[in-house]
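# Analysis of the macromolecular model
For reference, the chains in residue letters:
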Amino acid sequence: MESDEDNCKEKINGQIKTMKLYSHVDRIYNELRELGYDATAPLRVSDVSKVDQYHYHGTQSIDEAIRKLGINSSMHVLDVGSGIGGPARYLSTVTGCEVVAAELQADLHRTAEDLTSRCDLGKTVKHVCADFTQTDLGLGTFHMIVSWLVFLHIPDKDKLFQQCYDHLKPTGTMYIEDLFCKGVFLEEEYTHLQTGVFCTNLPTKDAYASQLAKVGFINIEFDDVTEDWKSFVHQRYLDYQANRARHVRVHGEVVYTEQVEFYGVIDKLFQGGHLGGCKIVAKK
């Protein structure tokens, strides 16, 4: 018999699929075939990481987090909203750290487990399918919490940030890459955020900082990277369209259409000037 929590997860899983980045999760296997891997072959992280990152700037962004936080092999890291496991696998491979990768969506979680197993990283990367805001993944046990473009999907920021704070060791650090509100959204933009991006509560810069401080975080650094991300998403949209023939061949017309629609929505939102991008570091 399903619990209320299971029913809630199922409902959220269904709703979030309006964001086309999270539909047709199995397209990762199409990309792996393009790289020469069959359905069960062992994988190299150096290859998989080319196609398993959902956030901006791929592994370059993770390298920045590693440098900024000083992540090393002695650390226990929690990745909140870990997707198909790209950042977790890369983090563990590059630094030797142990990672708990928490993902709400069951299909992303299953895919992540398969890819991690095939990369022979099962000893250092543990995947958990759970609603982080409702789950104890090891309170007070993590040196670092990381998250890339996930917090925007979670409406209850107070509960989210309290969970993050409680899961960190004393003096632990959190690193977030996320979207934020730079100005009042137009009605059309708000509709795109709700359906195309699955986002209903996007804080301003000041609100972000105050909500983090409210639960106890200190030394909060807020880096506005809007202009960089604005350029990135625009070029991504143009490049995806320019390579239409390749993408249709690899993934089919339906996947191409959905992805280009999503990329177009994100591009339009950034071009509108009311959507911002940020990198946040906060200490316990």
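Definitions and limits used
Residues numbered from 1 in each chain as written. Predicted model: local features only at pLDDT ≥ 70, side-chain atom pairs only at ≥ 80, totals over all residues. Heavy atoms only, no water. Phe/Tyr/Trp six-rings, centres within 6.5 Å; stacked < 30°, edge-to-face > 60°. Helix = DSSP H or I, 4+ residues; strand = E, 2+ residues; numbered from the N terminus. Buried < 20%, exposed > 50% of the residue type's maximum accessible area, 1.4 Å probe, protein only. Disulfide = S-S within 2.5 Å. Pairing = 2+ DSSP bridges. Right-handed = clockwise from strand over helix to strand, strands pointing away.

### A word on the packing of aromatic side chains
Here the structure, examined in full by the defined rule, presents 11 aromatic pairs. Arranged with centres 4.9 Å apart and planes meeting at 85°, the rings of Tyr56 and Trp229 form a pair that is edge-to-face. With Tyr56 in the loop between helix H3 (45–48) and helix H4 (58–69) and Trp229 in helix H10 (residues 226–242), the pair connects residues that are 173 residues apart, well separated along the chain. The two residues Tyr56 and Trp229 agree in class, both being buried. Relative to Phe161, the ring of Phe151 lies with its centre 6.0 Å away and its plane at 55°, an arrangement referred to as tilted. Residue Phe151 is found in the loop between strand E4 (142–148) and helix H7 (157–167), and its partner Phe161 is found in helix H7; the two are separated by 10 residues along the sequence. On the basis of relative accessible area, Phe151 is assigned to the buried category, the value being 0%. Relative accessible area serves as the criterion here: at 0%, Phe161 is assigned to the buried category.

### Some words on the state of the cysteines
Applying the stated rule across the entire model yields zero disulfides. With no disulfide of its own, Cys97 has Cys119 as its nearest cysteine by sulfur position, at a separation of 15 Å. Residue Cys278 stays outside any disulfide, its sulfur separated by 11 Å from that of Cys199, the closest cysteine. Residue classification places Cys278 among the buried residues on the basis of a relative accessible area of 0%.

### Focus on the pairing of E4
For E4, the buried fraction is high: six of the seven residues fall into the buried class. Here three bridges tie strand E1 (residues 76–80) to E4, and the two strands are oriented parallel to one another. Counted as the bridge partner of Leu78 is Ile145 from E4. With six bridges joining them, E4 and strand E5 (residues 168–181) adopt parallel strand pairing. Considered in E5, the bridge of Ser147 is made with Ile176. The parallel pair E4 and E5 is bridged by H7, and the resulting crossover is right-handed.

Nothing here speaks to function; it is geometry throughout.
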